[in-house]
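Survey of secondary and tertiary structure
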Amino acid sequence: MELAKAYDPRSAEESHYKRWEESGFFAPEINQDPDAVRYSIVIPPPNVTGSLHMGHALQHTIMDVLTRWKRMQGFRTLWLPGTDHAGISVQRKVVEQLRKDENKSPLDIGREEFLQRCWAWKEQYGNTITEQMRREGASVDWSRHRFTMDESLSLAVRNVFCTLYEEGWIYRGLRIVNWCPKDKTVLSDLEVKEETRKDGKLTYLKYPIVGMDRTLTVATTRPETMLGDTAVAVNPSDERYKDLVGKTVALPLTDREIPIVADEYVEAGFGTGAVKVTPAHDPNDYLIGERHGLEQLLIMNDDGTMNAAAGAEFDGMDRFAAREKVVAMFDELGLLEKVEDYEITLPICERCKTIVEPILSEQWFVKMDEMRDLALELMRTEGSPHFSPQVPHEKVYTAWLENLKDWTISRQLWWGHQIPAWYDDDGGVYVARSAEEAREKAGGRELRQDSDVLDTWFSSGLWAFSTFGWNGSVTKTDDLTNFLPTDVLVTGRDIIFLWVSRMMMLTKKFVGETAFRDCVITGTVLGKDGKPMSKSRNNGVDPIEMFDKFGVDATRIYLASIATGADIKWNDVGVETYRNFANKIWNATRFTLLNQNAAAAAGGDVASQSLADRWIISRLNRTAIELNKALDRYEFHAAVSLLYHFFWDDFCDWYIELCKDEINAGDAEATERILAILETALRMLHPFMPYLTEELWQKLPGTSSAMHNPAYRNADRSVMLADFPLGDAKLIDEQAENEMSAVIDVIKRVRNIRTEMQISPSIKFDVHIAADDAFQRVFRDNEAQILKLARAEQLVIAAILDVPKASARAVTNDAAVAVPLIGLIDFDKERARLANAIAKLAEEKSRLDAQLSNANFVERAPAEKVDALRTRQAELTSQIETLNNNLEALN
RNA sequence: GCCGUCUUAGCUCAGUGGUAGAGCACUCGCUUCACACGCGAUAGGUCACAAGUUCAAAUCUUGUAGACGGCACCA
């Protein structure tokens, strides 16, 4: 069999995923071992409006690496996929579509019709990401795919809502909330972002005091809200205003008189020391209002325009137009003191960037005190979730929990889980699991259901257990027993509060367990400009383009290589490195198969005598052990580095070169040995580069013997179900590694001489090596390899060097090397080369000398360290002496 | 305002007390029969700065400068 000269990722990608999926390899049921330990991950459900971005690609890579790694180890693994319904995003898209195509509003077509459109939209566009995940090679169990609005998951939402209501953990109340006038819905605190603007204004308004020829000046950044003022507040100990407390002001532009109240909230030193109080439009003013029993006057509509309560002149006017008009009218009345430039921080709707309006509104809330305790308790008693990296996430997570406010869960949308609350005309509220139940409770009264839906995160918060079949009516399923708690959650920093925390609380509350033991928080993949990727910055990198350009495997392993937990700038060159890596492995396999002896089969007897064999087996096992350790610790970058260097440096640069002649000569045993090494190494690499490894592994002869895990005995042959190499510490051979180092060092020294002396690669020369008896034997045993790799004519191995003056020389830790170069050598060059080598060694030695002559060091450092340095010092002394003699001999 | 992170080779980044690393780029040399997406050989860092702890600091402590993140406040 002969492979193409270069690896073409595309063809491998196209052929394997389908077979894996159709063979049921992704489902936990593929594992036939009744005693297999479970391993489970639920995906952070991407939203149905989205398409794959680099953050997904990174997180999916990590989840897939973990899943494939555990699956190969014989765990019964489940990586559960799914999507969330993205209430606001979908609603906005459908509203937009409706407006564009039919020039209609949702109200024009009604709720039922609108929801049908949403479902149609979801069917048409909602599976973009799931299709892209197939390309990624994600080994998710598609048969368990879930959507937050699936019937069972919706039932779970209703039951959870009702239970929490019945237990008093959910309440309905009039509060100041974050209102998005564009989306016309309330937002939770976490959905509101901030934007600092330098062009803000602080406007000073004068309010005339009733019965006095005096005004009171207040400062505001939102002048239009004065139309809703119901008091002015001052600090009770503020001498300037003490006499005014209890009086009233005539609120300009209105016919209202409002009181001046004293409240500790007001800071005398800030602004004018007097604060206009608008209880219906500001959270702090709301609290002042509560303390003083002030009227709550709502002056805005849900679209950000002023309402009739603001006065006839303002009714229907946009809030920003009203702002200008208020200022102009104050100016006309001579009541405008001044307008100052002011840097202001505005609350912005996370999704549509509209300025959020704090507004008094009746909404549903989850009480967070006891909820929070559930999460804090899990952290205290079980250390759950264990964040990786632990610093700083655990601290940020707990700090946030400790200062948690109640969670607004109602949303003024249609797309989502409609709140299971019904109202009668007399203000009665009936929270029930169904309309029938509500009617029963209401005793036949006329009812209408709350028209709002629940925050999408409310249903996502149930994801860890609703996906396994729990819906409140059914509370025990095999999947739940088997797969909850899940082993690890992999997600981004941005949803630790929004999602991670809520899933911890709700899972504890309803199933009594932690949702996941570990939580891997990935860093953010930044654009080339060092900023988070975003459409507005146009600095995004499309994973699909990377797949096309470099291959899925190269993109995956590159992403794993940067998965340290820290933010990292995207770098195409990095992916290219791993594209080259894939090609390197392809060609190493190509070489192995090119000269294949028909009798050879992977997994055969690997017992070997040669140093190179013992060495590569040692390196392989060492790498496997370290690799498993790195993955255990979620150190993906370290895992990749181990694989990269094993394949490229150890296997390709040295092992293949060392046994090349034997292989090319058709030596059956040598071929079997290299096949065995390669086969094991491919298994080790598989979680990171699934397509490449499957493609190549399938081409290796005799690989079915690697499918000896009884858990998969009935499955078709695939590297993804072959044993994952754990490494065997007994096969680590320190002696072989030391001896191989000696051989490699000699070869490198000779190559250095050749290059520095500018001797053509085509010219062969004799190489003399001096070493002690043990190493002489090593060099003799590997004479053929040294001859080949050093491109030497002949090797002379002895206790001491016996060479002509006109020789180039070098030393290693274990040997002295000389190359007689009569007719070739340039004495000046050799002198310079030796001087350079000596200088380097001398520099190291002088550091050691200084350290070892320090009595404090010798006394107080561990004897082991001191001995090691002394040994090194002796080595250096001898090497420098040798080279100095060589240098003198040249003069 | 509070909490936290980062600053290491030209670039992108590893490296948590004991001789500074990788990939790419650069320089030099190679159509060596797996691979030019390659092979071989070099060069390149007072680890942001300062002080401290220690026999020993890129690594621990404190401070300074710069970059950034989260939370709170914002009349």
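Scroll up a little and you will see the structure.
Here's a quick rundown of the structure. None of these values were measured; they are calculated from a predicted model.

1. Topic: the overall build of chain A
In terms of regular secondary structure, chain A is built from 28 helices and 29 strands. For chain A, the C-alpha radius of gyration of 37 Å lies well beyond 29 Å, the compact-globule estimate for 891 residues. Taken over the C-alpha atoms alone, chain A extends approximately 115 × 65 × 55 Å along its principal axes. When contacts within chain A are restricted to residue pairs at least 6 apart in sequence, those whose partners lie at least 24 apart make up 77%. For chain A, the exposed surface amounts to about 38,100 Å²; the carbon and sulfur share of it is 47%. The averaged location of the 139 negative side-chain charges in chain A is 2 Å from the averaged location of its 105 positive side-chain charges.

2. Thoughts on the sheet that holds strand β7 (residues 192-208)
Strands sit in the order β8-β7-β13 across an open sheet of 3 strands; the sheet is antiparallel. Unpaired on one side and paired on the other, β8 (215-220) and β13 (336-349) mark the two borders of the sheet. Mean inter-strand twist for the sheet, computed between neighbouring axes without regard to direction, equals 20 degrees. Note: β7 against β8, 6 bridges, orientation antiparallel. Counterpart to P208 in the pairing with β8 is T215. In this fold helix α8 (residues 319-332) packs onto β7 and β13, with an angle of close to 25 degrees to the strand it touches most, β7.

3. Some details on the packing of aromatic side chains
For the coordinates displayed, the defined rule picks out 31 aromatic pairs. With a centroid separation of 6.4 Å and 15 degrees between ring planes, the pair formed by F581 and W648 is classed as stacked. One end of the pair, F581, is in helix α18 (residues 572-594); the other, W648, is in helix α20 (residues 636-664), and 67 residues separate them in sequence. What makes W648 partly exposed here is its relative accessible area of 21%. An angle of 40 degrees between the planes, with centres 6.3 Å apart, marks the rings of Y634 and F636 as tilted. F636 matches Y634 in its accessibility class, with the two residues each being buried. By way of ring pairs, the aromatic residues Y578, F581, Y644, F646, F647 and W648 are connected into one cluster. The lysine or arginine in question, K122, covers the ring of F147, its NZ or CZ lying 4.0 Å from the ring centre.

4. Focus on unusual backbone geometry
Geometrically, the link from S384 to P385 is a cis peptide bond, its omega value of 0 degrees lying close to zero. In this fold, P385 is placed in the loop between α9 (369-382) and β15 (386-388). P392 follows V391 through a cis peptide bond whose omega is 5 degrees. Looking at where P392 falls in the secondary structure, it is placed in helix α10 (residues 390-402). At K184, a residue that is not glycine, the phi angle is positive and equals roughly 50 degrees. The residue K184 is located in the loop between β5 (170-180) and β6 (185-187) in this model.

5. Here's the deal with the protein's contact with RNA strand B
Contacts to RNA strand B come from 62 residues, most closely from A219, Y265, N587, E844 and R860. Within 4 Å of the protein, the contacting atoms of RNA strand B are drawn from sugar and phosphate to the extent of 68%. Side-chain polar atom of N583 to a sugar or linking oxygen of RNA strand B: 3.1 Å apart, as the coordinates give it. Between RNA strand B and the protein, one listed contact pairs a sugar or linking oxygen with a side-chain N or O atom of R847 at 3.2 Å. With 11 residues, α18 is the largest single contributor of residues to the surface near RNA strand B. A class-by-class count of the residues in the surface near RNA strand B yields 23 nonpolar, 17 polar and 22 charged.

6. A word on the sheet that holds strand β18 (residues 421-423)
Pairing is antiparallel in the open sheet, where 3 strands are placed in the order β19-β18-β20. This sheet does not close on itself; its edge strands, each paired only once, are β19 (429-431) and β20 (448-449). As paired elements, β18 and β19 share 3 bridges and run antiparallel to each other. By the bridge assignment for β19, A421 is matched with V431. Set on the sheet, helix α11 (residues 435-442) makes contact with β18 and β19; between it and β19 the angle comes to about 140 degrees.

7. A short note on the nonpolar core
With 195 residues, the main nonpolar core has L66, F458, F651, F688 and F779 as its most contacted residues. Counting residues per element, this core draws most heavily on α20, which supplies 15 residues. When residues no more than four places from it in sequence are discounted, the contact partners of F458 are V157, V160, F161, L164, I170, V366, W407, I409 and L506. Listed in part, the 35 residues of the second largest apolar core include V218, Y241, A274 and I359.

8. Points about the pattern of salt bridges
Summed over all chains, the structure comprises 71 salt bridges. With its nearest N and O atoms 3.8 Å apart, the salt bridge here joins R372 to D373. For D849, the salt bridge goes to K845, with nearest N and O atoms at 3.0 Å. Residue D849 and its partner K845 are both found in helix α26 (residues 827-852); the two are separated by 4 residues, about one turn of the helix. Accessibility expressed as a relative area gives 26% for D849, which makes it partly exposed. Three or more residues are tied together by salt bridges with common partners; here these are R10, E13, E14, R135 and D548.

The rules behind the values
Position numbers for residues count from 1 along each chain, tracking the sequence in the order it is written. Numbering of ligands from 1 and lettering of chains from A proceed in the order in which they are written. It should be noted that, the model being predicted, local features are given only for residues of pLDDT at least 70 and side-chain atom pairs only at 80 or more, the latter also being counted only at that level, while totals for whole chains, interfaces and linings use all residues. The side-chain numbers reported here are obtained from all heavy atoms of the structure, hydrogens and water having been left aside. Where helices and strands are cited, they refer to DSSP runs of H or I of at least four residues and of E of at least two residues respectively, numbered from the N terminus. It is over C-alpha atoms that the radius of gyration is taken, and the globule rule equals 2.2 Å times the number of residues to the power 0.38. Any two residues whose heavy atoms approach within 4.5 Å are treated as being in contact. What sets the accessible areas is the Shrake-Rupley method with a 1.4 Å probe; for residues, cover comes only from the shown protein chains. In this tally Asp and Glu are treated as negative and Lys and Arg as positive; neither His nor the chain ends contributes. Lysine's charge is taken at NZ, arginine's at CZ, aspartate's at CG and glutamate's at CD. Criterion used throughout: strands pair if DSSP finds at least two bridges between them. In this analysis an axis means a line fitted to C-alpha atoms, helices contributing only their contacting stretch, and an angle means the value between N-to-C directions, from 0 to 180 degrees. Any two rings among Phe, Tyr and Trp, with Trp reduced to its six-membered ring, count as a pair given centres within 6.5 Å; such a pair is stacked if its planes are under 30 degrees apart, edge-to-face if over 60, and tilted if neither. For every residue, the accessible area obtained with a 1.4 Å probe (protein chains only) is divided by the maximum for its type, and the residue is called buried under 20%, exposed over 50%, and partly exposed between those limits. Any Lys NZ or Arg CZ found within 6 Å of a ring centre and within 35 degrees of that ring's normal is scored as a charge over the ring. Note on terminology: near, applied to a residue and a molecule or strand, indicates that one of the residue's heavy atoms is within 4 Å of it. Throughout this description, a polar contact denotes any pair of N or O atoms lying within 3.5 Å of each other; where both atoms belong to protein, one of them has to be capable of donating a hydrogen while the other can accept it, and for residues adjacent in sequence the pair is counted only when both atoms sit in side chains. Classification convention: Asp, Glu, Lys, Arg as charged; Ala, Val, Leu, Ile, Met, Phe, Trp, Tyr, Cys, Pro as nonpolar; all other residues, Gly among them, as polar. Put simply, a nonpolar core is a bunch of buried Ala, Val, Leu, Ile, Met, Phe, Trp, Tyr and Cys residues held in one set by side-chain atoms that sit within 4.5 Å of each other. Only one rule defines a salt bridge in this text: a Lys or Arg side-chain nitrogen within 4 Å of an Asp or Glu carboxyl oxygen.

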